[in-house]
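# Observations on the three-dimensional arrangement
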Amino acid sequence: MNALVPMAETEVPQNPLIPPIPEFVIGLIAFAIVFFFLWKKLLPSINKVLEERREAIEGGIEKAEAAQQEAADVLQQYKDQLSEARHEAARLRAEAQEQGAALIAEMRAEGQRQREEIIAAGHAQIDADRKQAAATLRQDVGKLATDLAGKLVGESLEDHARQSRVIDRFLDGLEETAEAEAHANGAAR
């Protein structure tokens, strides 16, 4: 035993950071086996999953860009339709104003025409009333004149033809006197 002790004392102390050679070789072989297994089996699966994710992300980005472009196109269509609707509304509004103005002008013309018809009917009625009054007056004045003339002359004027001539002369004389006075008053003004 003593022989072993001096030998142990003569050994160089081992560095704890450097493993013994047999452990190092076994560790290196185990590492190579794990590395080979990971490289051949696990790495392709990981790459495949990563590629699928990349494609999904790129496809999602492309879909998002397509959707964004489609949304922009739809927005532009809506803006165009809105602009067109505004122009159409303005055109309809202008057309309605023109129709309203034409309707008002037409109604005014119709009102003017009706007013003129009413005035013409009134004048016709006045003329008819005047003629009727003149005829009634002519008969009444003629009767009074005949009676008065009969009393003055002392002779009966019952003959209708004679009576009509006397009445017509009397009334014609009255009309001439009225017209002469009207001209004299008109000239004086």
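As the structure is a computational prediction, the values presented were derived from the model and not from experiment.

With that out of the way, let us pick up the overall build of the protein chain. Along the protein chain, the regular secondary structure elements total 3 helices and 0 strands. Counting helices and strands in the order they occur from the N terminus, the protein chain gives α-α-α. Burial analysis of the protein chain (189 residues in total) assigns 5% to the buried set.

One pass over the full model with this rule turns up 2 aromatic pairs. With a centroid separation of 6.2 Å and an interplanar angle of 20°, the aromatic rings of Phe 31 and Phe 35 are classed as stacked. Here Phe 31 and its partner Phe 35 are both found in helix α2 (residues 21–153), 4 residues apart, which amounts to about one turn of the helix. The residue whose ring lies beneath Lys 40 is Trp 39, and the NZ or CZ to ring-centre distance is 5.0 Å.

Below, the discussion takes up the pattern of salt bridges. Counted under the stated rule, the structure contains 7 salt bridges. Here Glu 58 and Arg 54 are joined by a salt bridge, their closest N and O atoms 2.7 Å apart. With Glu 58 and Arg 54 both in helix α2 and 4 residues apart, this pair spans about one turn of that helix. The class of Arg 54 is partly exposed, set by a relative accessible area of 37%. Here Arg 91 ties to Glu 88 by a salt bridge, and the two come within 2.3 Å at their closest N and O atoms. Of this pair, Arg 91 and Glu 88 both sit in helix α2, 3 residues apart, which is roughly one turn of that helix. Note on Glu 88: relative accessible area 35%, which makes it partly exposed. Where salt bridges share partners, they join Glu 51, Arg 54 and Glu 58 into one cluster.

All right, on to the environment of Ala 149 then. Checked against the element boundaries, Ala 149 lands in helix α2. Classification of Ala 149 by relative accessible area gives buried; the value is 18%. Remark: the alpha-carbon pair of Ala 149 and Val 166, spanning 17 residues in sequence, is separated by 9.1 Å.

Here the focus is a nonpolar patch on the surface. A cluster of nonpolar side chains, Ile 21, Phe 24, Val 25, Leu 28, Ile 29, Phe 31, Ile 33, Phe 35, Phe 36, Trp 39 and Leu 43, forms an exposed patch at the surface whose accessible area comes to about 1200 Å². Assignment of secondary structure puts Phe 36 in helix α2.

This brings us to the confidence of the model for the protein chain. Residues with a pLDDT of 70 or more make up 86% of the protein chain, whose mean pLDDT is 83. By mean pLDDT, helix α1 (residues 4–10) is the weakest element of the protein chain at 51, and α2 is the strongest at 89.

Reading the values: rules and limits
Along each chain, the written sequence defines residue order, and numbers are assigned to residues from 1. For this predicted model, a pLDDT threshold of at least 70 governs which residues receive local features, and a threshold of 80 or more governs which side-chain atom pairs are given and counted, while totals over whole chains, interfaces and linings are taken from all residues. Where side-chain values are given, they derive from all heavy atoms of the structure, hydrogens and water being excluded. Only DSSP runs of H or I reaching four residues or more are called helices, and only runs of E reaching two or more are called strands; each is numbered from the N terminus. Only protein chains enter the accessibility calculation, which uses a 1.4 Å probe. A residue is then buried if its area is under 20% of the maximum for its type, exposed if over 50%, and partly exposed in between. To pair, rings of Phe, Tyr and Trp, with the six-membered ring standing in for Trp, must have centres within 6.5 Å; the planes then decide the type, stacked if under 30 degrees apart, edge-to-face if over 60, and tilted in the middle. Two thresholds decide whether a charge sits over a ring: the Lys NZ or Arg CZ must be within 6 Å of the ring centre and within 35 degrees of the ring normal. Every case where a carboxyl oxygen of Asp or Glu lies within 4 Å of a side-chain nitrogen of Lys or Arg is listed as a salt bridge. Exposure above 30% relative accessible area and the absence of a salt bridge qualify a residue for a patch, where like charges join within 9 Å and nonpolar side chains (Val, Leu, Ile, Met, Phe, Trp, Tyr) within 5 Å. Under the convention used here, a 1.4 Å probe and the Shrake-Rupley method define accessible areas, while residue burial counts only the protein chains that appear. Per residue, pLDDT captures the predictor's confidence, and it can take any value from 0 to 100.

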